[in-house]
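Architecture and fold: a report
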Amino acid sequence: MKNIQTLSEKLVNNISQVIVGKKQTVELAVVCLLSQGHLLIEDIPGVGKTMLARSLARSIGGTFGRIQFTPDMLPSDVTGVAIYNQAKEKFEFRPGPVMSEILLADEINRATPKTQSALLEAMQENQITVDGVTHPLPKLFMVLATQNPIEHEGTFRLPEAQIDRFLMRISLGYPKRKEEIDILDRQQYQHPILELEPVVSVDEVLEAQQALRSVHLADSVKEYLVNLVQRTREADDVYLGSSPRGSLGLYRAGQAVAAIQGREFVTPDDIKRVAGPILGHRLILAPGARLQDLDENTILEEIFATVPTPDSEG
Amino acid sequence: MIAGARTFIKEHLNIKSIRNWLLVMVIFIVLSNILRDSIQGVENSLLVLMIFSGLITGWLLSISPLKTWLAALIAILAGNLVLVVRIGRLGNLLRSLFGQIWLFIKQIPGTINNPDQTLNTETIPLLISDLQTRVVSLGSRLFTWFGNVFRGEPLYDPVAIAIIWSFLIWAIAIWTMWLVFRHKKPILGVGPGMILASSSLVYTDKSPYHLIPLLGVIVGLVILMDYDRREQHWRETNLEIASTIRGKMLRITILLALMLMSLAAVIPSFSVENIQDFFNRLTENQLDEEDFVRSLGLEPPQITANVNVFDNQQWGGLPNRHLVGSNPELSDQVVMVIQVEELGPLDSGEDDNQQQVYYWRSLTYDRYVGRGWVSRSSIEVDIQPGEKTLSDWPESYQIIRQKVESLEDGQQLLFSAGIPLSADQAFQVAWRLKGTELGAFDLFGASIPSSTYWVDSLQPLGSEAELQQAGQDYPDWIRDRYLQLPDSVPERVIALARDLTVNEATPYDRAIAIEAYLRKIPYSLELPPPPNDQDLADYFLFGVQKGYCDYYATTMVVLARAAGIPARLVTGYIGGFYDQELDAYLVTADLAHSWVEVYFPDYGWIMFEPTGGRSAIDRPEESKPKFFWDYPASFDPFAPEKEKTPINWSQIIQVSILAAVLLGIGAFLLSDFILARLPVKKQLPIIYKRIYRIARWMGVRPQPGDTATDFIQVVIHLLRAYGSGSKRAEWLLEAESLLKEITWTYYLVLFHPDHGQGIQTRETALIYRMLRTRMWYLWLLVRVYPNHFLRFFFWENEPLSIPAYPKSRN
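Quick caveat, the model's predicted, so the values are computed rather than measured. (Residues numbered from 1 in each chain as written. Chains lettered and ligands numbered in written order. Predicted model: local features only at pLDDT ≥ 70, side-chain atom pairs only at ≥ 80, totals over all residues. Heavy atoms only, no water.)

1. Quick word on the overall build of chain A
- Within chain A one finds 13 helices and 11 strands.
- Within chain A, buried positions represent 53% of all 314 residues.
- Considering only residue pairs separated by 6 or more positions, chain A has 78% of its internal contacts joining residues 24 or more positions apart.
- If you sum the accessible surface of chain A, you get close to 14,700 Å²; carbon and sulfur atoms cover 49% of it. (Helix = DSSP H or I, 4+ residues; strand = E, 2+ residues; numbered from the N terminus. Buried < 20%, exposed > 50% of the residue type's maximum accessible area, 1.4 Å probe, protein only. Contact = heavy atoms within 4.5 Å. Areas by Shrake-Rupley, 256 points an atom, 1.4 Å probe, with all protein chains shown as cover.)

In structure tokens:
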């Protein structure tokens, strides 16, 4: 676990050279990476979503692909297409951007449902099939998709059933004043990403992904985890709660969080730390809730406060 | 009118006022309890009257719009009025005066119509002048008392005592009500009362633990009144307060009061010597402190370990001094139960017991000082059980065996029918004289510590014929003492003595003549206080011409001595109701009595009964025994059961508090010991539960969903908020790392696959103990400086991460 700890530290520090001041969020991104999950970044434009993806890719020395979704995009723009090579007289498969280790799917809500589902299917299956031929995706495959929550015109919101595929939903938000000044300073001459060097290898990441599966969860922690998820289903203002996919994701992410702190066991704090990002987007609120100005965060906060942890007083 | 009454009730009879009233009443009840036992000369009814009238007057004055000086004037006047009427026993007089005035007024229309009828104007001026003299006499007594004190010769005068104490209590009651209800300053208000109570406690054998409830009530009153003031202030400034504050405050008040009371019970009080020294240093005159104290009606405290009962009795006012000047407290409360057996030598016959009137003597007095009786100094001798006080006595003494059960505590005097000879327990006799000749003994009295005892006593007897022949050959020691009369006895008393005895041949007949003369004087208990410039016997014979046993006895002794017959005063009880079932005499308090003993050579001190209304003393036909009779050497082998010592409640409370404290400490240490030796899996949850508990005291209440990390975050912020300012900051802030360490251990136990195997439990227990002390200190800080708490709300929300591995482990 110490290795994982150092690995994540390196990653976070490296990425923080580009993304100023958002250490928690960067850590969450690293957790997501280690948990083999996909990340949905829902945020206002211009706060560094792309930068995050790019710096992550550069830090691990992995290939970086980028899809900028527009309404007229076709699935083949995502997956790749077979092109007839006249010289060789056969169809060659030109892989699409999806064949990268880190894929940035920008503004995924602007794509048509058909294109969206192409990507989502790839995320699920870890392979693509074009013209009957299956091409496996790289061993390390992480999608960082972005959504702009402000604009709703001309968008196709990801249905909640699909959004489930993403392990976490995070947002970066505006930098603080000092941080914004720091950004200006850093980008005075050139963008720091151009200087970013890889600090870990893809293999190390893959190793870490496997290693953290041995992090131990005590029974009480498992129960706590499942209680949390079940509570999301029972909550008053929630129409549909989290699925077992959520529990699994929480499980894996909890292990990752413990691992990046160098611990061999998961504590409820770890669970609580990632539960928000992991469960938030899986809740469908009841119609009345929005009228009461409730959103997923408030409901989740209440759940966190009331579900007793094994080490609490209650 | 009704609206006015309603506002009055709302303003002055609301819950708060009633509560304050009740608390003040409790204080005064305790005060009166203490005073009642320490002052003699102020009986219960007087005390209660002064307190209640003082409280009510004080309250009325305080809620009235009068200015302070006016209220004070009214209070003084009212107090004096109540005082004078009560102590001077002017009630009846006033009643008859007003009755006469009323009659007079009723007669006026009659005389207008009928000019022949004359107005009866005689009685009214008489009554008025009677009233006047009485009031003036009260004043002059008080004046003389003060004069004596300043001259350095304090005088015992029960009337002055009553006046001074009543006024003092009245003043204190007024003061307390004034300060509590008008100025809302409870501490200042109860201050004088407390001072009075605690200083009086010195002079009684009541333990100072009676001050403890006083302390508790005063603390409660002070806190509650202060809270009222604050609440009013909040209301005026429109501050929102939680409705639960009052309840919490009440609980804290009660808890604090109880805590203080327990503390006070355990901490020892000042010693009597300190206080005595202090008093000694205060008085500049050559004032004899004990005399002065006695002249106030107080009993000076016993300094030495051997409580000497006789010191208190050396000085007598009139022996039953509380009777003089005010209505005696004649109660029919049984004070003693006495079984009697006449051992011999005279055969009195068993059935005669019921008709026998026994005189239970306690003390005798030899020296008359005009206003009362004193005993000359005596030597105390300890007598062992079964040992005899006298080895030899004249033949004519009857030996009586009695079993005395005293139901009144504190006296410790030994009561017996006759001179105490021997008892079944150790006792002390005080001899004024013990000579070698037969019959040459002069006993002041005896004391015995227990309240149930068997005693054999010698009753001198003599038949008329024998006594008449006794002669006048008085030994020197009799002449020196028992014919003495002070110069203050006026001539006419001596002349009367002479007149009465001029025709009697023998001393016995002379004594009988005096006795007979006195017995004709009417008996009465309603008397004005005797003037202090007039000799008592003179006053009785030529002044008021009525009285009760003390007067009769005193006068007889004076007359007898004036006639050359040696006589002395004896005090004790007489008779008692003979209860068939118990076969004992039930002696009640109202049977307190004094009588006379006259000395006859060869026969000793023979009893005489001068009190009018009492039956004369039976003289036996013959007093010399017919046969040789040996007084049994020892008591009945079936010794009476040892009487149970009364339950000493204060000691029990003290011991149990001490025991509880020790037990608490022991349990505490034991739990720590056990905790260090528990297996890890059990230890940590217990430790953490305790940490949660201490934090809860500080107001840290985590929600169910808060993990231990969330919890200690809050505590650490508290620590930092208070730790930075406090004097022991460094020490306190160590708690932060201790907390983290313990939390890490806790996590290991809960979540690690090995569940904490390999953790040193002793080390953990040690860490917990170090943490605990610091947390208690933090709790104290939080409670003492609650405002500091506000700082605590503005911390930055930095999540705390548990270290991967704490520095101490690798």
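There's plenty left to go through after this.
2. Examining the overall build of chain B
- Along the backbone of chain B there are 25 helices and 15 strands.
- The buried share of chain B, taken over its 810 residues, is 48%.
- Taking contacts inside chain B between residues at least 6 apart in sequence as the whole, the part at least 24 apart equals 77%.
- When the accessible surface of chain B is totalled, it reaches about 41,700 Å², and 59% of it is carbon and sulfur.

3. Examining the environment of Asn44(B)
Residue and element names in this part refer to chain B.
- Within the secondary structure, Asn44 is located in helix α3 (residues 44-63).
- Taking relative accessible area as the criterion, Asn44 reaches 30% and is therefore assigned partly exposed.
- Sequence-wise, Asn44 and Ser32 are 12 residues apart; in three dimensions their C-alpha atoms are separated by 8.3 Å.

4. Overview of the environment of Ala173(B)
All names here are of chain B.
- Of note, Ala173 is situated in helix α7 (residues 158-182).
- For Ala173, a relative accessible area of 0% translates into the label buried.
- On a C-alpha basis, the gap between Ala173 and Gly189 in space is 9.0 Å, while along the polypeptide they are 16 residues apart.
- Once you skip the residues sitting within four places of it in the chain, Ala173 turns out to touch Phe28, Ile51, Gly54 and Leu55.

5. Examining the interface of chain A and chain B
- Taken together, the contact between chain A and chain B spans 26 residues of the former and 23 residues of the latter.
- Across the chain A/chain B interface, buried area totals approximately 2,000 Å², and carbon plus sulfur atoms make up 56% of it.
- Joining chain A to chain B, the criterion identifies 1 salt bridge.
- One salt bridge connects Lys272(A) with Asp710(B), and the closest N-O pair in it is separated by 2.9 Å.
- Across the contact surface, chain A and chain B share 11 residue pairs in polar contact (both at pLDDT 80 or more).
- Elements represented by at least two residues in the side of chain A that touches chain B include exactly α9 (219-234), α11 (268-280) and α13 (296-306) of chain A. (Buried area = accessible area lost by both parts, 1.4 Å probe. Salt bridge = Lys/Arg side-chain N within 4 Å of Asp/Glu carboxyl O. Polar contact = N/O pair within 3.5 Å; in protein donor to acceptor, adjacent residues only side chain to side chain.)

6. Describing the packing of helix α9 (residues 211-236) of chain B against helix α10 (residues 245-266) of chain B
Residues and elements named next belong to chain B.
- In the contact formed by α9 and α10, the axes pass within 9 Å of each other and the chain directions differ by 155 degrees. It follows that α9 is roughly antiparallel to α10 by the angle criterion. Handedness of the α9/α10 crossing: right-handed. Each of Ile212, Pro213, Leu215, Gly216, Val219, Gly220, Ile223, Leu224, Tyr227, Glu231, Trp234 and Arg235 in α9 lies in contact with α10, whose residues at this interface are Ile245, Arg246, Met249, Leu250, Thr253, Leu256, Ala257, Leu260, Met261, Ala264 and Ala265.
- Across the contact of α9 with α10, the residue classes break down as 17 nonpolar, 3 polar and 3 charged. (Axes fitted to C-alpha atoms, helices over the stretch in contact; angles between N-to-C directions. Parallel < 35°, antiparallel > 145°, perpendicular 65-115°, else oblique. Left-handed = near helix turned anticlockwise from the far one by under 90°. Nonpolar A, V, L, I, M, F, W, Y, C, P; charged D, E, K, R; others polar.)

7. Considerations on the nonpolar core
- Counting residues in each nonpolar core, the largest one holds 116 residues, and the members touching the most others are Met168(A) and Ile691(B).
- Looking at which element gives the most residues to this core, the answer is helix α23 (residues 729-751) of chain B, with 12 residues.
- Excluding anything up to four places from it in sequence, Met168(A) contacts Leu28(A), Val31(A), Cys32(A), His38(A), Leu39(A), Leu40(A), Val274(A), Pro277(A), Ile278(A) and His281(A).
- One finds Met336(B), Tyr573(B), Val587(B) and Tyr603(B) within the second-largest nonpolar core, a separate group that totals 81 residues. (Core = buried A, V, L, I, M, F, W, Y, C linked by side-chain atoms within 4.5 Å.)

8. Here's the deal with a positive patch on the surface
Residues and elements named next belong to chain B.
- A contiguous patch of positive charge on the surface is contributed by Lys248, Arg251, Arg701 and Arg783.
- The residue Arg701 is located in the loop between α21 (680-697) and α22 (708-723) in this model.
- Overall, the relative accessible area of 61% leaves Arg701 in the exposed class. (Patch = residues over 30% accessible without salt bridge, like charges linked within 9 Å, V, L, I, M, F, W, Y side chains within 5 Å. Lys, Arg positive; Asp, Glu negative; His and termini not counted. Charge placed at Lys NZ, Arg CZ, Asp CG, Glu CD.)

9. Considering the pairing of strand β1 (residues 39-42) of chain A
Residues and elements named next belong to chain A.
- Burial along β1 is two-sided: the residues Leu39 and Ile41 and Leu40 and Glu42 are all buried.
- In terms of strand pairing, β1 meets strand β8 (residues 142-147) through 4 bridges, oriented parallel. Paired with Glu42 across the two strands is Gln147, which belongs to β8.
- Bridge count for β1 against strand β9 (residues 168-170) is 3 bridges, and the pairing is parallel. Among the inter-strand pairings, Ile41 is bridged to a residue of β9, identified as Ile170. (Pairing = 2+ DSSP bridges.)

10. Things to note about the pairing of strand β7 (residues 419-423) of chain B
All names here are of chain B.
- For β7, the tally of buried residues reaches 5 of 5 residues, placing the bulk of the element in the interior.
- The pairing of β7 with strand β10 (residues 452-460) spans 4 bridges and is antiparallel. Bridging from a neighbouring strand, Ser422 pairs with Asp456 of β10.

11. A word on unusual backbone geometry
- The backbone of Glu89(A) sits at a positive phi, close to 60 degrees, despite the residue not being glycine.
- Glu89(A) sits in the exposed class, given a relative accessible area of 60%.

12. Overview of the packing of aromatic side chains
Residue and element names in this part refer to chain B.
- Under the defined criterion, the tally for this structure stands at 29 aromatic pairs over all chains.
- Aromatic side chains Tyr359 and Trp595 sit 4.9 Å apart centroid to centroid with 70 degrees between the ring planes, which places their arrangement in the edge-to-face category. Placement of Tyr359 in strand β2 (residues 359-365) and of Trp595 in strand β14 (residues 592-600) is noted, with a sequence separation of 236 residues between them. (Phe/Tyr/Trp six-rings, centres within 6.5 Å; stacked < 30°, edge-to-face > 60°.)

13. Notes on a nonpolar patch on the surface
Residue and element names in this part refer to chain B.
- On the surface, a cluster of nonpolar side chains totalling about 550 Å² of accessible area is made up of Val661, Ile665, Phe668, Leu669, Trp697 and Trp776.
- No other element matches helix α20 (residues 649-676), which puts 4 residues into the nonpolar patch.
- Assignment of secondary structure puts Trp776 in helix α24 (residues 761-784).

14. Remarks on the confidence of the model for chain B
All names here are of chain B.
- Taken as a whole, chain B shows an average pLDDT of 78; of its residues, 81% reach a score of 70 or greater.
- Across residues 315-327, where pLDDT falls below 50, the model places 52 contacts with residues more than four positions away in sequence or in other chains.
- In this model, residues 794-810 is a region of pLDDT below 50 whose contacts with residues beyond four sequence positions or in other chains number 30 contacts.
- Among the prediction metrics, the complex's ipTM stands at 0.86, with pTM recorded as 0.48. (pLDDT = per-residue confidence, 0-100.)

15. Regarding the pattern of salt bridges
- As enumerated under the stated definition, the model contains 29 salt bridges over all chains in all.
- Put simply, Glu92(A) and Lys88(A) hold a salt bridge, and the shortest N to O gap is 3.1 Å.
- Arg19(B) is the partner of Asp228(B) in a salt bridge, and the nearest nitrogen-oxygen pair spans 2.5 Å. Highlighted residues: Asp228(B) in helix α9 and Arg19(B) in helix α2 (residues 15-38), separated in sequence by 209 residues.

16. Some thoughts on α13(A)
- For α13(A), the set of buried residues is Glu296(A), Ile299(A), Leu300(A), Ile303(A), Phe304(A) and Ala305(A).
- Buried residues along α13(A) sit in contact with β9, α9, β10 (238-240), α11 and β11 (284-285) of chain A.

17. Considerations on the packing of α22(B) against α24(B)
All names here are of chain B.
- Closest axis-to-axis distance for the α22/α24 pair is 11 Å, and the angle between their directions is 65 degrees. By crossing handedness, the relation of α22 to α24 is classed as left-handed. Where α22 approaches α24, its residues Val715, Leu718, Leu719 and Tyr722 are matched on the opposing element by Met775, Leu778, Leu781 and Val782.
- Looking at side-chain class alone, the contact of α22 with α24 contains 8 nonpolar, no polar and no charged residues.

18. Describing the side chain of Thr115(A)
All names here are of chain A.
- Looking at the secondary structure, you find Thr115 in helix α5 (residues 113-125).
- Under the relative-accessibility criterion, Thr115 is labelled buried at 0%.
- Beyond its immediate chain neighbours, meaning those up to four positions away, Thr115 contacts Phe69, Met73, Leu74, Pro75 and Val78.

19. What about the side chain of Arg252(A)?
- Position of Arg252(A) relative to the elements: it lies in helix α10 (residues 244-260).
- Filtering out sequence-adjacent residues up to four positions away, Arg252(A) remains in contact with Ser35(A), Leu212(A) and Arg213(A).

20. Some words on the sheet that holds β1(A)
Residue and element names in this part refer to chain A.
- Read from one edge to the other, the open sheet built from 5 strands follows the order β2-β5-β8-β1-β9, with strand pairing classed as parallel. Every interior strand has two partners, whereas the edge strands, β2 (64-68) and β9, have only one. Put simply, the sheet's adjacent strands are angled 20 degrees from each other on average, direction ignored.
- The sheet strands contacting helix α2 (residues 23-34) are β1, β5 (102-106), β8 and β9, and the helix crosses β9 at an angle near 160 degrees.

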